[in-house]
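Chain by chain, the residues run as shown.
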Amino acid sequence: MSEQQQRRKRERDINEGTSWSGRSLTTIYAGISVLHRDYEDSRAAIAFRNSAYLFDYIVFDLPAESSNTPVHTICNRIVSELRTYSEKHKEKLVGLAMPLSLADKYPPLCPQLWRELDILPLVLEHKERARADADQGELATFASWNTKELDEQADSMVRKCLRYVSVVGLNP
C-alpha cells in the first residue's frame, strides 16, 4: 500500500470515529524543543495548547546522533509522534513552532510537517538575551533559555506560535 493510500485510510478511520465531520471546534498549536546530548539519545518535548490553555505535552527519546543516523530518521520520529497524538486525540494541529537551531539541524523537518501532516511550521530565530529596543521585527528572545526545563522550552515555543498567529491573523 502506498504512503498516500495509507494516509487516506488513516483519515477515513479518524473520520469514522468522530460524530462531527465539520471544521474542528478548537484550533490546536504545538511547540517543540530538543535537548541534544553528545553520544547519547536526545530528548524531545512537544507542548500542545489551544488559544487559552496549555493542555498536554509529550516527551520522547530520539536516536543518538552519529554519522550512521540519517537526518530523516529523526524527522520521521518527530512526525510519527505528532501523527500518533493527532490520531489518538482526534485533533488537527494547525501550527508547530520550533527554534531555528532545530530547523537548521534537521532541514527536511519543515517540509515533511507540511507535506505529511498539513502542519504550518513556524521557525523562530532566537538569541540568548532579552529583547532590546533596537531589535527589528518578530525576533523571539530566549532570556535564560538554557536554564528552562525541556517542557518549559516547548511551552515557550507554542506560546510564541500562538502569539505570532494571532498577530498575523492566520486563523484556519
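Residues numbered from 1 in each chain as written. Predicted model: local features only at pLDDT ≥ 70, side-chain atom pairs only at ≥ 80, totals over all residues. Heavy atoms only, no water.

1. Focus: the packing of aromatic side chains
One pass over the structure, following the stated rule, counts one aromatic pair. Pairing Phe48 with Tyr85 gives two aromatic rings, centres 3.8 Å apart and planes at 5°, and the pair type is stacked. On the criterion of sequence distance, the pair formed by Phe48 in strand β2 (residues 42–49) and Tyr85 in helix α2 (residues 71–89) is long-range, its members being 37 residues apart. In this pair, the class of Phe48 matches that of Tyr85, namely buried. (Phe/Tyr/Trp six-rings, centres within 6.5 Å; stacked < 30°, edge-to-face > 60°. Helix = DSSP H or I, 4+ residues; strand = E, 2+ residues; numbered from the N terminus. Buried < 20%, exposed > 50% of the residue type's maximum accessible area, 1.4 Å probe, protein only.)

2. Considering the environment of Ile46
Within the fold, Ile46 resides in strand β2. Residue class for Ile46 comes out buried when judged on its relative accessible area of 0%. For Ile46 and Phe60, which are 14 residues apart along the polypeptide, the C-alpha to C-alpha distance reads 8.8 Å. What Ile46 contacts, discounting residues up to four positions off in sequence, is Ala30, Gly31, Ile32, Asp56, Tyr57, Ile58, Phe60, Leu82, Leu96 and Ala154. (Contact = heavy atoms within 4.5 Å.)

3. Some points on the sheet that holds strand β3 (residues 54–62)
A sheet is described by the order of its strands in space; here five strands give the open sequence β3-β2-β1-β4-β5, paired in mixed fashion. Edge positions in the sheet fall to β3 and β5 (120–124), since each of these pairs with one other strand and no more. On average, each strand axis in the sheet is inclined to that of its neighbour by 20°, with strand direction left out of account. Pairing of β2 with β3, which is carried by eight bridges, proceeds in the antiparallel orientation. (Pairing = 2+ DSSP bridges. Axes fitted to C-alpha atoms, helices over the stretch in contact; angles between N-to-C directions.)

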